[in-house]
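Survey of secondary and tertiary structure
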Amino acid sequence: MNEESRPWGWAAAAALLLMLALMPIRSYAAVPDTVIPVGRAVGIKLFSDGVVVVGTSEVATDTGNVNPAKDCGLKEGDIITHINATEVDSIEEVSALLQELEGQTMSIRAIRDDKQVQLTAQAVLCSSDSTYKLGAWVRDDTQGIGTVTYVDMNGSFGALGHGISDSDTGKLVDIRGGELYDTQIMGIEKGTSGKPGVMSGVIYYGKGTKLGEVTANTEEGIFGTVNRRFLERFQSEAIPVGFRQDVHKGQAFIRSDVSGEMRDYEIEIQKVDHTSLQKNKGMVIRVVDEELLKLTGGIVQGMSGSPIIQDGKLIGAVTHVFIQDSTKGYGIFIENMLEH
């Protein structure tokens, strides 16, 4: 028997088993076989875990202008979580504590670059309205329009295919929760070279307009649970899930209600990248549907999350538009969202 065809001995077999044990094995056990592709635009409201500092400014006092926030070391992007021992999650809570302390020295606990910082500050009495102010512009929620990608049999949803970042700091918003609401698209600004297009609309926060709860904001999208009202108003069939090995170049479709009615629009998958370090940029797509090009010019802001369907399977979602060419954009493999 020659060397090439010799059977493996026990030592070789044991070595192979050890190698297999050490190799990372990808499991799809948590990924459902079928889900319902959605494509519906919704209003999204996220509540920050703490309040985000988006800037500082001087406060006019009887003795001159001062900037307590800057003086104590607060920086843009800091997330204030506590004043003294009290946890704060809203602008109203921060303001109430400042009035209660009446300019006394206070400790501020904040998160900066994923690390906790402790600062000492004193609010000052503003001469124009006689309220105590810190001189920090803060935000406690983020709002916008995006598209729901899928709903599974348990009512869990995934949307956007990318995380929601603070518009001032550019950082992923750390949330304590969020909500989905009815929205109405009022107009579409087409994308041009160097300027992405956008869907503009109205988010309805009135009674009976809530569609679901948001529980997570991640690099792969936002996730949560839709309510019965959403399920009753949205009727569609579940389809098989397509994994990345199923995705190929060529014809596919994106589902969207950007026109006011749910439609599938033809696209072309131009590139499939299984090795991309950015999970939400696994494929490059190009819009070829003439009706969608006439309506939007391609991909516009607000379409993020639109399901990508190929060969009758849900394979991904639209995530980004190319700034220099609005007919092109990126997509995320659906398994990266479903594995959340």
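Further up the page is the structure itself.
This write-up is about the structure you can find in this document. On a predicted model such as this, the values are computed, not experimentally measured, just so you know.

In this section: a nonpolar patch on the surface. Together, Met186, Val202 and Tyr204 make up a nonpolar patch on the protein surface, roughly 260 Å² of accessible area in all. Topologically, Met186 is positioned in strand S13 (residues 183-189).

Attention now moves to the pattern of salt bridges. Applying the stated criterion across every chain, the model contains 14 salt bridges. One salt bridge connects Glu179 with Lys210, and the closest N-O pair in it is separated by 3.4 Å. Taken together, the positions of Glu179 in strand S12 (residues 175-181) and Lys210 in strand S15 (residues 210-218) put the pair 31 residues apart, joining distant regions of the chain. Here Glu179 falls in the buried class, since its relative accessible area comes to 15%. Exposure remark for Lys210: the relative accessible area of 28% places this residue in the partly exposed category. The closest approach of N and O atoms between Arg255 and Asp264, which form a salt bridge, is 2.7 Å. Its relative accessible area of 16% is what places Arg255 among the buried residues. Residues joined in a network through salt bridges with shared partners are Arg40, Asp182, Arg229 and Arg233.

If you walk around this closed barrel you meet the six strands as S18-S19-S20-S24-S23-S22, and the pairing is antiparallel. Here the average twist between neighbouring strands, direction ignored, is 45°. Bridge count for strand S18 (residues 250-256) against strand S22 (residues 307-310) is two bridges, and the pairing is antiparallel. Directly across from Phe253, in S22, lies its bridge partner Ile309.

Moving on, we come to unusual backbone geometry. Phi is positive for Leu160, which is not a glycine, with a value near 75°. Residue placement: Leu160 occurs in the loop between strand S11 (156-159) and S12. Within the chain, Asp311 stands out as a residue other than glycine whose phi angle is a positive 55°. In this structure, Asp311 sits in the loop between S22 and strand S23 (313-322). Residue Asp311 is classed as exposed on the basis of its relative accessible area, which comes to 58%.

Our next topic: the packing of aromatic side chains. Taken as a whole, this structure holds two aromatic pairs when the rule is applied. With a centroid separation of 4.8 Å and an interplanar angle of 75°, the aromatic rings of Tyr181 and Tyr205 are classed as edge-to-face. Of this pair, Tyr181 sits in strand S12 while Tyr205 sits in the loop between strand S14 (197-203) and S15, placing them 24 residues apart in sequence.

Time to look at the sheet that holds strand S21 (residues 300-301). Taken in spatial order, the three strands of this open sheet run S13-S14-S21, and their pairing is mixed. Both outer strands of the open sheet, S13 and S21, are each paired with one neighbouring strand and no more.

Our next topic: the side chain of Asp182. Within the element layout of this structure, Asp182 appears in the loop between S12 and S13. Within the structure, Asp182 has its side chain in polar contact with the side chain of Arg40 (distance 3.0 Å). At 2.4 Å, the side chain of Asp182 and the side chain of Arg229 are in polar contact. Residues within four places of Asp182 in sequence aside, it is in contact with Arg40, Gly43, Val202, Ile203, Tyr204, Thr209, Leu211, Arg229 and Arg233.

Counting 21 residues, the largest nonpolar core has Ile254, Ile267, Ile269, Met283, Ile285, Leu292 and Ile308 as its most contacted members. If you list the elements that add at least two residues to this core, you get S18, strand S19 (263-272), strand S20 (283-287) and S23. If sequence neighbours within four positions are ignored, Ile254 has contacts with Arg263, Asp264, Tyr265, Ile267, Leu292, Met303, Pro307, Ile308 and Val318. Counting residues in each nonpolar core, the second largest holds 20 residues, with Val151, Phe157, Leu180 and Phe234 among its members.

Now for the layout of surface pockets. In this structure, the largest pocket encloses a volume near 680 Å³. Lining the largest pocket are 25 residues; nearest its centre among them are Ile145, His162, Gln301, Gly302 and Ser304. Among the secondary structure elements, those contributing two or more residues to the lining of the largest pocket are strand S10 (136-151), S14, S21 and S23. No other element matches S10, which puts six residues into the lining of the largest pocket. Its residues placed into classes, the lining of the largest pocket shows 11 nonpolar, 13 polar and one charged.

Criteria and cut-off values
Residues numbered from 1 in each chain as written. Predicted model: local features only at pLDDT ≥ 70, side-chain atom pairs only at ≥ 80, totals over all residues. Heavy atoms only, no water. Patch = residues over 30% accessible without salt bridge, like charges linked within 9 Å, V, L, I, M, F, W, Y side chains within 5 Å. Areas by Shrake-Rupley, 256 points an atom, 1.4 Å probe, with all protein chains shown as cover. Salt bridge = Lys/Arg side-chain N within 4 Å of Asp/Glu carboxyl O. Helix = DSSP H or I, 4+ residues; strand = E, 2+ residues; numbered from the N terminus. Buried < 20%, exposed > 50% of the residue type's maximum accessible area, 1.4 Å probe, protein only. Pairing = 2+ DSSP bridges. Axes fitted to C-alpha atoms, helices over the stretch in contact; angles between N-to-C directions. Phe/Tyr/Trp six-rings, centres within 6.5 Å; stacked < 30°, edge-to-face > 60°. Polar contact = N/O pair within 3.5 Å; in protein donor to acceptor, adjacent residues only side chain to side chain. Contact = heavy atoms within 4.5 Å. Core = buried A, V, L, I, M, F, W, Y, C linked by side-chain atoms within 4.5 Å. 1 Å grid on protein atoms, 1.4 Å probe; cavity = no way out; pocket = protein on both sides within 12 Å on 5 of 7 lines; lining within 4 Å. Points joined across faces, edges and corners; volume = space filled by probe spheres on them. Nonpolar A, V, L, I, M, F, W, Y, C, P; charged D, E, K, R; others polar.

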